[in-house]
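# Summary of structural features
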Amino acid sequence: VQLQASGGGLVQAGGSLRLSCAASGRTFSGYDVGWYRQAPGKEREFVAATMWSGGRTHYADSVKGRFTISRDNAKNTVYLQMNSLKPEDTAVYYCAAGLTGSVTLVRNGNGMDYWGKGTQVTVSS
């Protein structure tokens, strides 16, 4: 599976962006998909996930209520709708997919088999 993240850009605080993660090579069917981010000088952190089994979604506390993850199986794409953006959301955002079945493994990223190249999100104050 090859993943391509897109949709990043420069936005003012309070604005919105929608990131897309498109899969090629095979479908997202069966895969848990997560979004992660890494700001300069900081470690990568979990942002959101959509689990294949049961369709559950999970969010980091820092984005809960502002970000929404969704998957469009017909388009083989997972989205991250980001609203009410804050300067602290500035980072490179990555998507990843894995056959984990485990929220823990998705949250720490260790269970993810495929990673896309990141897309830069910059939020100005």
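Every value quoted in this text rests on a predicted model; they were computed, and no experiment measured them. (Residues numbered from 1 in each chain as written. Predicted model: local features only at pLDDT ≥ 70, side-chain atom pairs only at ≥ 80, totals over all residues. Heavy atoms only, no water.)

### Topic: the nonpolar core
As a reminder, the rule being used: By convention a nonpolar core is built from buried Ala, Val, Leu, Ile, Met, Phe, Trp, Tyr and Cys residues, the set being connected through side-chain atoms within 4.5 Å. Whether a residue is buried, partly exposed or exposed follows from its accessible area with a 1.4 Å probe, protein chains only, as a fraction of its type maximum: under 20%, in between, or over 50%, in that order. A run of H or I in DSSP becomes a helix once it reaches four residues, and a run of E becomes a strand once it reaches two; helices and strands are each numbered from the N terminus. Here a residue-residue contact requires only that any non-hydrogen atoms of the pair lie within 4.5 Å.
In this structure, Phe 28, Trp 35, Val 47, Phe 67, Leu 80, Met 82 and Tyr 93 are the most contacted members of the largest nonpolar core, which totals 36 residues. Those elements that provide at least two residues to this core are strand 1 (2-6), strand 3 (17-24), strand 4 (32-38), strand 5 (45-50), strand 7 (67-72), strand 8 (77-82), strand 9 (91-98) and strand 11 (119-124). If you tally residues by element for this core, the top one is strand 9, at 5 residues. Here Val 47 is in contact with Trp 35, Tyr 36, Arg 37, His 58, Tyr 59, Ala 60, Val 63, Phe 67, Leu 80 and Tyr 93, once residues within four sequence places are set aside.

### Describing the packing of aromatic side chains
Rules: We call Phe, Tyr and Trp rings a pair once their centres come within 6.5 Å, taking the six-membered ring for Trp, and we label the pair stacked below 30 degrees between planes, edge-to-face above 60, and tilted otherwise. Our definition puts a charge over a ring when NZ of Lys or CZ of Arg is within 6 Å of the ring centre and also within 35 degrees of the ring normal.
Under the counting rule described, the total for this entry stands at 3 aromatic pairs. Judged by centre distance (6.0 Å) and plane angle (70°), the ring pair of Tyr 36 and Phe 46 falls under edge-to-face. Of this pair, Tyr 36 sits in strand 4 while Phe 46 sits in strand 5, and the two are 10 residues apart along the sequence. The same class applies to Tyr 36 and to Phe 46, which are both buried. For Tyr 36, a relative accessible area of 1% translates into the label buried. What links up through ring pairs into an aromatic cluster is the set Tyr 36, Phe 46 and Trp 115. Directly above the aromatic system of Tyr 79 lies the positively charged group of Arg 18, at a separation of 4.1 Å from the ring centroid.

### Quick notes on the side chain of Asp 32
Let me state the cut-off plainly: In this tally, Lys and Arg are treated as positive and Asp and Glu as negative; His is ignored, and so are the chain termini. Think of a salt bridge as a Lys or Arg side-chain nitrogen and an Asp or Glu carboxyl oxygen that are within 4 Å of each other.
With respect to the element layout, Asp 32 can be found in strand 4. Here Asp 32 is buried and forms no salt bridge, its nearest opposite-charge partner Arg 71 lying at an N-O distance of 5.2 Å.

### Describing unusual backbone geometry
Not every positive phi belongs to a glycine, and Asn 76 is a case in point at roughly 55°. Given a relative accessible area of 14%, Asn 76 falls into the buried group. Not every positive phi belongs to a glycine, and Ser 84 is a case in point at roughly 50°. With respect to the element layout, Ser 84 can be found in the loop between strand 8 and strand 9. Judged by its relative accessible area of 40%, Ser 84 falls in the partly exposed class.

### So, the sheet that holds strand 8
Stated formally: A strand pair is defined by DSSP finding two or more bridges across the two strands. Working convention: axes come from line fits to C-alpha atoms, limited for helices to the stretch in contact. Angles between N-to-C directions cover 0 to 180 degrees.
Strand order in the open sheet made by the 4 strands is 1-3-8-7, with antiparallel pairing throughout. Only two strands of the sheet have a single neighbouring strand rather than two, namely strand 1 and strand 7. For this sheet, the mean inter-axis angle between neighbouring strands, taken without regard to orientation, is 15°. Two elements, strand 7 and strand 8, share 6 bridges in a ladder whose sense is antiparallel. The partner of Ser 70 across the bridge, within strand 8, is Tyr 79.

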